[in-house]
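Structural overview for review
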Amino acid sequence: MRGQYEELSCPFCDKGKITCLFIRGGYSFKKAMAAHTSKNIPVKSSDTWLIQTGCSFCGKSKEQVEKKLKETEII
Ligand SMILES: [Zn+2]
């Protein structure tokens, strides 16, 4: 499984560290249809963040952290 662990700052207290599994969106290529170019156009699927832990500093659960991170468009 692709993915790497990343640490995000807690969106509530900004002091705790939230461990996330970050899965990069895949690229697929489709041929450009225009006659004057033979370029392949990369089509990107979106990245996925899986929250692994809550905040040990302020005690927010991982569900609360995930909701807040999505609300603030960090993930
Ligand atoms: Zn926190």
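This section reports on the structure supplied with the text. These figures come from a predicted structure and were not determined experimentally. (Residues numbered from 1 in each chain as written. Predicted model: local features only at pLDDT ≥ 70, side-chain atom pairs only at ≥ 80, totals over all residues.)

Attention now moves to the overall build of the chain. Check the secondary structure of the chain and you find 1 helix and 5 strands. Each helix and strand of the chain, placed in order from N terminus to C terminus, yields the pattern β-β-β-β-β-α. Computed over the C-alpha atoms, the radius of gyration of the chain is 18 Å, more than 25% above the 11 Å expected from 2.2 N^0.38 for a compact globule of 75 residues. By its C-alpha atoms, the chain is 60 × 25 × 15 Å across when sized along the principal axes. When the 75 residues of the chain are sorted by exposure, 15% land in the buried category. Look at the contacts in the chain between residues 6 or more apart in sequence, and 46% of them connect residues 24 or more apart. (Helix = DSSP H or I, 4+ residues; strand = E, 2+ residues; numbered from the N terminus. Rg over C-alpha atoms; globule rule 2.2 N^0.38 Å. Buried ≥ 20, exposed ≤ 12 C-beta atoms within 10 Å, placed from the backbone. Contact = placed C-beta atoms within 7 Å.)

It is worth spelling out the sheet that holds strand β1 (residues 4–9) at this point. The strand order β1-β2-β5 describes an open sheet built from 3 strands, whose pairing is antiparallel. Only two strands of the sheet have a single partner each, and these edge strands are β1 and β5 (48–51). Mean inter-strand twist for the sheet, computed between neighbouring axes without regard to direction, equals 40°. Both β1 and strand β2 (residues 17–23) contribute to a ladder of 6 bridges, which runs antiparallel. When the sheet's bridge partners are listed, Tyr5 is paired in β2 with Leu21. (Pairing = 2+ DSSP bridges. Axes fitted to C-alpha atoms, helices over the stretch in contact; angles between N-to-C directions.)

Among the structural elements, Glu63 can be located in helix α1 (residues 62–71). Along the backbone, Glu63 and Gln52 are 11 residues apart, and their C-alpha atoms lie at a distance of 9.6 Å.

Let's shift gears to unusual backbone geometry. Positive phi outside glycine occurs at Asp14, with the angle close to 65°. Within the secondary structure, Asp14 sits in the loop between β1 and β2. With phi around 60°, Glu73 is a residue other than glycine that occupies positive phi space. Note that Glu73 resides in the segment after α1.

The topology assignment puts Thr53 in the loop between β5 and α1. Owing to 14 C-beta atoms within 10 Å, Thr53 belongs among the partly exposed residues under this scheme. Separated by 33 residues in the primary sequence, Thr53 and Cys20 have C-alpha atoms spaced 7.3 Å apart. Among all residues touching Thr53, those that are not within four sequence positions of it are Ile18, Thr19 and Lys62.

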